[in-house]
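Per-entry structural report
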Amino acid sequence: FAKQSGRCCYKFYCDSMNAKAALRLQLEQDLRSALSSGAILPFYQPQICAQNGRMVSVEALVRWIQPQGRMIGPDEFIPIAEETGLIIELGKQVLQQSCHQASVWMKNGNPIRVAVNVSAHQFKQSDFTDLVKQTLEEYQLPASLLELELTESVIMSDAEENISRLKELKAIGVTLAVDDFGTGYSSLSYLKRFPIDILKIDRSFMCDINSAPDDIAIVDAILALASSLNLGVIAEGIEYSEQITILKSTNNLLLQGYLFSRPVAAEYITLDRARL
Ligand code: C2E
Ligand code: MG
Ligand code: MG
Ligand code: MG
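I will try to describe carefully the structure that is included in this document.

What counts and what doesn't
Residues numbered from 1 in each chain as written. Chains lettered and ligands numbered in written order. Predicted model: local features only at pLDDT ≥ 70, side-chain atom pairs only at ≥ 80, totals over all residues. Heavy atoms only, no water. Helix = DSSP H or I, 4+ residues; strand = E, 2+ residues; numbered from the N terminus. Buried < 20%, exposed > 50% of the residue type's maximum accessible area, 1.4 Å probe, protein only. Pairing = 2+ DSSP bridges. Right-handed = clockwise from strand over helix to strand, strands pointing away. Donors = N, O, S within 2.8 Å, 3.2 Å for Na, K, Ca; no water. Near = heavy atom within 4 Å. Polar contact = N/O pair within 3.5 Å; in protein donor to acceptor, adjacent residues only side chain to side chain. Areas by Shrake-Rupley, 256 points an atom, 1.4 Å probe, with all protein chains shown as cover. Nonpolar A, V, L, I, M, F, W, Y, C, P; charged D, E, K, R; others polar.

1. Notes on unusual backbone geometry
For D180, which is not a glycine, the phi torsion comes out positive at approximately 55°. Mapped onto the elements, D180 comes out in strand β6 (residues 175-181). For D180, a relative accessible area of 25% translates into the label partly exposed. Positive phi outside glycine occurs at N252, with the angle close to 50°.

Rendered as structure tokens:
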């Protein structure tokens, strides 16, 4: 009997593995065709200057628009894209679409910098710098209007090697931001040597700013660090105006969050919004 039920369990395990694998394969195929049909595109979320309330930049956040109009967020497909290598094509498309969009805004007299998320895979491609250069040329976008976001963990892995890659990118003139800052393990000595411009304080620290003294202490530490290294700061996940009060006296501060706007389709980023 034991043997039999063992075999039964094994079979069950196998079936559910197969189902999972089949689902993943389907998702991969769907993602592949979405990438070739233009169903993967960025939305844009405003980043607001704390000093004058102007929208100076937007972050490009990728969405997958399904045939039925349903929208899928990146957390559901970026991991699959990473595992299958499709992230290279996806990242390239988002970079191109974002640069194209920023150049349209610029030509309409509305120069807004666009921040594009770069995955580890993409960043490690030997021709990544060339891709960025070519894309800027293709859409005639000044490098000053492109920002690249790299997560703290990506930058800190192979720190030595990454310094030269970051220097290549910096030489083009793009802005470099460290995303999700505070969640990884940054070596402060490295941080000083990286040619980075901006620290993005992770949303998790902004969440309970009223109730969590620890979070406030971390935010304070990041602000002090940024100030002494002469870096700009972006606070993401701003949902309530109270969250802003603890950041108020910071120079070079940008605010991003639902309080100002959710990520929206390009056509909703208008000149009006530039004066929030
Ligand atoms: P992220 O780069 O840290 O982006 C910030 C996330 O926080 C976005 O989620 C944004 O919609 C969300 N957010 C912004 N303000 C608020 C707020 O006030 N409250 C709350 N609760 N959330 C807020 P989203 O769009 O789902 O993106 C999730 C992650 O997916 C991004 O985190 C980024 O790591 C990744 N991602 C998005 N687009 C791309 C892309 O084009 N390429 C790559 N490699 N990764 C991307
Ligand atoms: Mg980001
Ligand atoms: Mg972030
Ligand atoms: Mg994040």
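Past the structure itself, the notes keep going.
2. Thoughts on the pairing of strand β7 (residues 198-201)
Because side chains alternate across β7, one face comprises the buried residues I198 and K200, and the other comprises L199 and I201, equally buried. Relative to β7, β6 is paired through 3 bridges, and the arrangement is parallel. Bridge pairing in β7 places F181 opposite I201. After leaving β6, the chain enters helix α8 (residues 188-193) and then returns to the sheet as β7, a path that is right-handed.

3. Concerning the coordination of the magnesium ion (ligand 3)
Around the magnesium ion (ligand 3), the protein supplies D179 (OD), D180 (OD), E236 (OE) and E236 (OE) as donor atoms, at distances of 2.2 to 2.7 Å. Every donor residue of the magnesium ion (ligand 3) comes from the same chain, spaced as D-D-x55-E. In this model, the magnesium ion (ligand 3) sits 4.0 Å from the magnesium ion (ligand 2), the two metals being bridged by D179. Taken together, the residues span a long stretch of sequence, with D179 in strand β6 and E236 in strand β8 (residues 232-236) at a distance of 57 residues. The class for D179 is buried, based on a relative accessible area of 7%. The buried category is assigned to E236, whose relative accessible area is 10%.

4. So, the environment of D220
Note on placement: D220 falls in helix α10 (residues 213-228). Among the residues examined, D220 registers a relative accessible area of 40% and is labelled partly exposed. Placed 26 residues apart in sequence, D220 and I246 show a C-alpha to C-alpha distance of 8.4 Å.

5. Notes on the site of ligand 1
Looking at ligand 1, there are 22 residues lining it, with R63, N117, D179, E239 and Y258 nearest. For ligand 1, a nitrogen atom lies 3.1 Å from a polar atom in the backbone of V62. Contact between ligand 1 and Y258: an oxygen atom at 2.9 Å from a main-chain N or O atom of the residue. When the free accessible area of ligand 1 is taken as 800 Å², the share hidden by the protein chains comes to 86%. Those elements that provide at least two residues to the shell around ligand 1 are β2 (55-65), α2 (74-84) and β6. When residues in the shell around ligand 1 are grouped by element, the largest group, 4 residues, is from β2. Within the shell around ligand 1, the residues separate by chemical class into 8 nonpolar, 5 polar and 9 charged.

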